[in-house]
Amino acid sequence: MSETTMTLPGIVITGASGRMGQMLVRTVSASNQARLVACLERPGHAWIGQDVGIAMGGPVLGVTVSDDPLEAFSKAQAVIDFTAPQATVEFAALAAQARAVHVIGTTGLEAAHLARLSAAARHAVIVRAGNMSLGVNLLVQLTRKVAEALDADFDIEVVEAHHRHKVDAPSGTALMLGEAAAAGRGVNLAEVSDSGRDGITGARGRGRIGFAAIRGGDIVGEHDVIFAGEGERIVLRHVATDRTIFARGALRAALWGQDREPGEYSMADVLGL
Ligand SMILES: NC(=O)c1ccc[n+]([C@@H]2O[C@H](COP(=O)([O-])OP(=O)(O)OC[C@H]3O[C@@H](n4cnc5c(N)ncnc54)[C@H](O)[C@@H]3O)[C@@H](O)[C@H]2O)c1
Ligand SMILES: O=C(O)C1=N[C@H](C(=O)O)CCC1
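Calculation rules
- Residues numbered from 1 in each chain as written.
- Chains lettered and ligands numbered in written order.
- Predicted model: local features only at pLDDT ≥ 70, side-chain atom pairs only at ≥ 80, totals over all residues.
- Heavy atoms only, no water.
- Core = buried A, V, L, I, M, F, W, Y, C linked by side-chain atoms within 4.5 Å.
- Buried < 20%, exposed > 50% of the residue type's maximum accessible area, 1.4 Å probe, protein only.
- Helix = DSSP H or I, 4+ residues; strand = E, 2+ residues; numbered from the N terminus.
- Contact = heavy atoms within 4.5 Å.
- Pairing = 2+ DSSP bridges.
- Axes fitted to C-alpha atoms, helices over the stretch in contact; angles between N-to-C directions.
- Phe/Tyr/Trp six-rings, centres within 6.5 Å; stacked < 30°, edge-to-face > 60°.
- Near = heavy atom within 4 Å.
- Polar contact = N/O pair within 3.5 Å; in protein donor to acceptor, adjacent residues only side chain to side chain.
- Areas by Shrake-Rupley, 256 points an atom, 1.4 Å probe, with all protein chains shown as cover.
- Nonpolar A, V, L, I, M, F, W, Y, C, P; charged D, E, K, R; others polar.

A. Seen up close, the nonpolar core. Of all hydrophobic cores here, the largest spans 39 residues; its most connected members are Ile11, Ile13, Cys39, Val52 and Ile80. At 8 residues, helix α10 (residues 244-256) tops the list of elements feeding residues into this core. Ignoring any residue separated from it by four or fewer positions in sequence, one finds Ile13 in contact with Gly21, Leu24, Val25, Val28, Leu36, Ala38, Cys39, Leu40 and Ile80.

B. Expanded view of the sheet that holds strand β8 (residues 193-195). Ordered by their spatial adjacency, 5 strands build an open sheet running β8-β9-β7-β10-β11, and the pairing between neighbours is mixed. Two strands close off the open sheet at either side, each with one partner strand: β8 and β11 (233-240). When strand polarity is set aside, the average angle formed by the axes of neighbouring strands in this sheet is 15°.

C. Structural context of the packing of aromatic side chains. Taken as a whole, this structure holds 2 aromatic pairs when the rule is applied. Where Phe73 meets Phe91, the ring centres are 5.9 Å apart and the plane angle is 65°; that geometry is what we call edge-to-face. Taken together, the positions of Phe73 in helix α4 (residues 69-74) and Phe91 in helix α5 (residues 85-97) put the pair 18 residues apart, joining distant regions of the chain. Judged on exposure class, the residue Phe73 and its partner Phe91 are both buried.

D. Fine view of the site of ligand 1. Taken together, 21 residues lie around ligand 1, and Met20, Glu41, Thr107, Met132 and Lys166 are the ones closest in. Here an oxygen atom of ligand 1 sits 3.3 Å away from a polar atom, N or O, in the main chain of Gly18. A distance of 3.1 Å is found between a nitrogen atom of ligand 1 and a backbone nitrogen or oxygen belonging to Gly130. Within the complex, the protein chains bury 81% of what would otherwise be the 860 Å² of accessible surface of ligand 1. At the level of secondary structure, the elements contributing two or more residues to the shell around ligand 1 comprise α2 (19-30) and α5. Class assignment for the residues of the shell around ligand 1 results in 7 nonpolar, 9 polar and 5 charged.

Okay, structure coming up:
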């Protein structure tokens, strides 16, 4: 490794064998702005002890997959984490101890998880977003603007579609879009949200923000925000066709976070939106 390469921010990828983990390993190891210093998987995982490149079916990358976050974080400037809520809150405490920037793509986080992330962000930088792509973060801004411009004569529905393996609903992105719509309307999403309609639900309530989730096959991620009025309808749509958009956003966030004060940041901060 050259001296210049040694000065690049060192990145740890958690959940390295996952759909996003593998995409992140490829993105970081191909980057000339960062270096891959460690890869983590859960204890007992078949990849532990193997070179991550070989485990992915490619060339040697010189990084052995480990189940020891403390050791991994001690040599890193950033942790990119797309795993599961319980793992993410534990990583947040350890990343804060190591003063490493923690980039969190994990979705399905509940209030208790978020409180633990806020505690960790007192000591280190956390960048978290339910979607790290440029396109979705622009769509969030557009959603807010359209919701600001229209009144409750327009019913707002967020429809999302993802692959058959996804475990949480509504998706993190759908919730970001719902929050943006609610903010545009000046209401609290928790008070107007309707998800999981089934059976005799009664007519739609005025001012509600509805969510619907489709799961199937290998859909990477699709989101529509529908503003349905009498005689007309606006549909804002984002379609992801490749997970590199999330990995590129996460790496950008890890680099951006290097010069920041401890605290919680979003992709809107990273992208200057
Ligand atoms: N924010 C975004 O842009 C974005 C984009 C895609 C996916 N996601 C989210 O990222 C998360 C992961 O998605 P995925 O499709 O890659 O899932 P996945 O199931 O393919 O991968 C998750 C990986 O995390 C690993 N893991 C779980 N607990 C662990 C632990 N304690 N230590 C180390 N590794 C652990 C699992 O073994 C698995 O390999 C989900 O919450 C998903 O919604 C977010
Ligand atoms: O594949 C997933 O899981 C995705 N999760 C994020 C979400 O919940 O919105 C982003 C899109 C892909």
